[in-house]
Amino acid sequence: MLLDSPPAVQATPLLDAHAQLRGAVDALGYGEDVFQMLATPRRELSVAVPLRTDAGGIMTLRGYRVQHNFSRGPAKGGLRFSPGVDLDEVRALAMWMTWKCALVDLPYGGAKGGLAIDPSEHSTAELERATRRYTSEILPIIGPERDVPAPDIGTDEQTMAWIMDTYSANHGYTVPGVVTGKPLSLGGSLGRATATSRGVALVALAALEHIGIGAGGATASVQGYGKVGRAAARFLAEAGVRVVAVSDRFGGIHRTAGLDVQALERHVDLHGTVRGFDGGDSIDGADVLTLEVDLLVPAAVEGVINETNARNVLARVVVEGANGPTTTAADAILAERGTLVVPDILANSGGVIVSYFEWAQANQTYRWALETVEDRLRTRILAAWTEVLDASQRRGTSLRRAAMTIAVERVYDAHRSRGLYP
Ligand code: NAD
């Protein structure tokens, strides 16, 4: 694989991840050998997942698990069900997990999984069979001390329950620590389901305050109305922010006076999409990115803010709920325009922080109160925000470069202390 590719004609998450790593490695004065080592995943597994359909046929799906780094502890990262997912996308997402865990100082490396399936086109029974077969294929490399999956796009607590059950059945005893984001009844943590969104809102409010905008006077738009975007919109609205637009993959909805987020949630529970909500005007989904708002939260997929639309992004603050929503070219354009971009590895780290709390609770077989979980989440993510902001001011760099530099230095320090075997 060519690790240091020439400038991309077409941006991809992996090229963006490599460019971000390159920037941090250069800022730290590390050499090419360090870049190559940190850019190369430690372990990659590509599997075929044969699925018996309800109609009695067999579909062969492609699945992946990439463990990018273990220097600081077991690998940790989500599992994505999405029709277009491929090995390079999973590599990028796994690498971002390594930096995210290091940035918020969790004793984890980074990993990610993917299964090329569109969950909306399969019955629950088919999804269960696909999940269990995928789990059995990656079984040798996961486990509480090896690699701990969690929900991501297209997966949820039910998916995690099936993984935990399949893993446990194969070991002959119950292993709650093999996944996080489980249902509460199986040892899931209070506060995990909304942790990513809670963190996004906390960091967004801190970033707005940093540029002198109070929550009360602020406006926001949110792209993506899934596990992350939906609760982020709710928490922002609860803090007094006027959420004027949201979108999902079916379209967008806009109301200048602010959307009634509770009514919107009821609409989405009934119809499965924000489209058709009568408390606002329909807009093109892509338009939520370019509205005149104070805060933009992309919380859907990678690469949505890119060379073609970055100049039209009018928000003063972009808080990356999604992983990799801003391409390298767009990052440069936003920096030139003075837009404050709070990078994914900081902004959406609330999910993995509370996943760590869930794993710690599973290992202790002791449940923490919701206030304990939320207090510790707040303390940890705001400490990371302050640390990244200080570093960016000290170094005169973007928040992304500052965050990446802190994270990469921590991972490389751990690697150096351990030494190279043999
Ligand atoms: P999800 O599957 O629950 O929701 C995804 C949402 O994005 C859906 O509303 C979908 O309709 C929408 N969407 C997809 N493509 C879109 C497009 N082109 N335009 C507008 N909307 C689109 O997934 P999620 O768990 O909310 O994850 C969203 C993002 O957040 C991903 O980048 C994921 O990696 C990241 N993330 C998730 C977590 C977590 O705890 N779930 C943690 C950290 C980061």
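A. Broad picture of the packing of helix H6 (residues 195-210) against helix H12 (residues 370-395). H12 packs onto H6 with a crossing angle of 40 degrees between their chain directions and a minimal axis gap of 10 Å. When the axes of H6 and H12 are compared, the pair comes out oblique. Both H6 and H12 take part in a crossing whose hand is right-handed. Contacts from Ala195, Arg198, Gly199, Leu202, Val203, Ala206, Ala207 and His210 of H6 reach H12 at Glu374, Leu377, Arg378, Ile381, Leu382, Trp385, Leu389 and Gln393. Looking at side-chain class alone, the contact of H6 with H12 contains ten nonpolar, three polar and three charged residues.

B. The arrangement of the domain arrangement of the protein in detail. Domain parsing of the protein yields domain 1 (41-175) and domain 2 (195-347). Between the C-alpha centres of domain 1 and domain 2 the distance comes to 27 Å. Taken together, the contact pairs 15 residues of domain 1 with ten residues of domain 2. Taken over both partners, the interface formed by domain 1 and domain 2 buries close to 950 Å², and the fraction arising from carbon and sulfur atoms is 56%. For domain 1, the biggest contributors to the area lost against domain 2 are Trp96, Lys100 and Leu103; these three give 46% of the whole. The salt bridge involving Arg80 is made with Glu302; its shortest N-O contact spans 2.6 Å. For the side of domain 1 that touches domain 2, the element with the most residues is helix H3 (residues 87-103), which contributes six residues.

C. Highlighting H12. With 26 residues, H12 should reach 38 Å at 1.5 Å per residue; the first-to-last C-alpha distance of 37 Å fits that figure. Just beyond H12, the residue with positive phi is Gly396, at close to 65 degrees.

D. Focus on the packing of H6 against helix H7 (residues 227-238). Relative orientation of the contacting elements H6 and H7 amounts to 45 degrees, with a least axis distance of 8 Å. Accordingly, the angle class assigned to the pair H6 and H7 is oblique. The interaxial crossing formed by H6 with H7 has right-handed handedness. Here Thr196, Ser197, Arg198, Val200, Ala201, Ala204 and Leu205 of H6 lie close against H7, whose contacting residues are Lys227, Val228, Ala231, Ala232, Phe235 and Leu236. A per-class count over the contact of H6 with H7 returns nine nonpolar, two polar and two charged.

E. View of helix H13 (residues 399-418). Here H13 spans 29 Å end to end across 20 residues, near enough to the 28 Å set by a 1.5 Å rise per residue. Just past H13, the residue Gly419 takes up positive phi, approximately 80 degrees.

F. Focus on the pairing of strand S2 (residues 58-69). Bridge count between strand S1 (residues 43-52) and S2: ten bridges; the pairing is antiparallel. Along S2, the bridge assignment pairs Arg43 with Gln67. With antiparallel pairing between neighbouring strands as the criterion, S1 and S2 make up a hairpin whose turn holds five residues, including Gly56 at a positive phi of roughly 100 degrees. Here S2 pairs with strand S4 (residues 110-115) via six bridges, running antiparallel. The residue bridging Val66 from the neighbouring strand is Lys112, located in S4.

G. Summary view of the site of the ligand. The environment of the ligand is made up of 23 residues, and the closest members are Asp152, Thr196, Lys227, Val228 and Asn323. Residue Asp152 places a side-chain N or O atom 2.6 Å away from an oxygen atom belonging to the ligand. Note that an oxygen atom of the ligand is positioned 3.2 Å from one of the backbone N or O atoms of Gly226. For the ligand, the accessible surface in isolation is 830 Å², of which the surrounding protein chains cover 83%.

H. View of the nonpolar core. Leu21, Trp99, Val246, Val342 and Val408 are the most contacted members of the largest nonpolar core, which totals 89 residues. Counting contributing residues per domain, this core is built from domain 1 (41-175) and domain 2 (195-347), each supplying no fewer than three. Sequence-distant contacts of Val408, defined by excluding residues within four places in its chain, comprise Leu21, Ala24, Val25, Leu28, Tyr30, Leu38 and Trp99. Leu61, Met160, Val178 and Val179 belong to the second-largest nonpolar core, a separate cluster that totals 23 residues.

I. Region of interest: the pattern of salt bridges. Within this structure, the stated rule accounts for 24 salt bridges. Between Arg132 and Asp165 there is a salt bridge, with its nearest N and O atoms 2.9 Å apart. Remark: Asp165 occurs in helix H5 (residues 157-171) and Arg132 occurs in helix H4 (residues 124-138); sequence separation between them is 33 residues. On the basis of relative accessible area, Asp165 is assigned to the partly exposed category, the value being 38%. Across the pair Glu137 and Arg133 runs a salt bridge whose closest N-O atoms are separated by 2.8 Å. Of this pair, Glu137 and Arg133 are both found in helix H4, four residues apart, which corresponds to roughly one turn of the helix. Look at Glu137 and you get partly exposed, because its relative accessible area is 26%. A relative accessible area of 36% places Arg133 in the partly exposed class. Three or more residues joined by partner-sharing salt bridges are found here, namely Arg80, Glu89, Lys112, Asp152 and Glu302.

Cut-offs used in this document
- Per-chain numbering applies: the sequence of each chain, read as written, is numbered from 1 onward.
- Local features in this predicted model are restricted to residues of pLDDT 70 or higher, and side-chain atom pairs are both shown and tallied only at a pLDDT of 80 or more, whereas totals for entire chains, interfaces and linings draw on every residue.
- Only hydrogens and water are removed before side-chain values are computed, so all heavy atoms of the structure are retained for them.
- Comment: axis = line fitted to C-alpha atoms, over the contacting stretch for helices; angle = value between 0 and 180 degrees taken between N-to-C directions.
- The way it works is that DSSP assigns letters per residue, a run of H or I at least four long becomes a helix, a run of E at least two long becomes a strand, and they are numbered from the N terminus.
- Roughly parallel refers to an angle under 35 degrees, roughly antiparallel to one over 145, roughly perpendicular to one between 65 and 115, and oblique to any angle outside these ranges.
- If you view the pair so one helix is near and one far, a crossing is left-handed when the near helix is turned anticlockwise from the far one by less than a right angle, and right-handed when it is turned clockwise.
- Contact between two residues is taken to exist if any of their heavy atoms lie within 4.5 Å; hydrogens are not considered.
- Polar here means any residue other than Ala, Val, Leu, Ile, Met, Phe, Trp, Tyr, Cys and Pro, which are nonpolar, and Asp, Glu, Lys and Arg, which are charged; Gly is therefore polar.
- As annotated, the domain borders come from an automatic or database domain assignment.
- Buried area: the accessible area, evaluated with a 1.4 Å probe, that two parts lose upon being put together, summed over both parts.
- Any Lys or Arg side-chain nitrogen located within 4 Å of an Asp or Glu carboxyl oxygen qualifies as a salt bridge.
- Expected span of a helix: the number of residues minus one, times 1.5 Å.
- Note on pairing: DSSP must find at least two bridges between two strands before they are called paired.
- Near, as used in this document, describes a residue that has one of its heavy atoms within 4 Å of the molecule or strand being considered.
- Polar contact criterion, stated in full: a pair of N or O atoms within 3.5 Å, where within protein one must be able to donate a hydrogen and the other to accept it, and residues adjacent in sequence count only if both atoms are side-chain atoms.
- Note on areas: these come from Shrake-Rupley sampling with a 1.4 Å probe, and a residue is covered only by the protein chains present in the view.
- Put simply, buried Ala, Val, Leu, Ile, Met, Phe, Trp, Tyr and Cys residues joined by side-chain atoms within 4.5 Å make one nonpolar core.
- Only protein chains enter the accessibility calculation, which uses a 1.4 Å probe. A residue is then buried if its area is under 20% of the maximum for its type, exposed if over 50%, and partly exposed in between.

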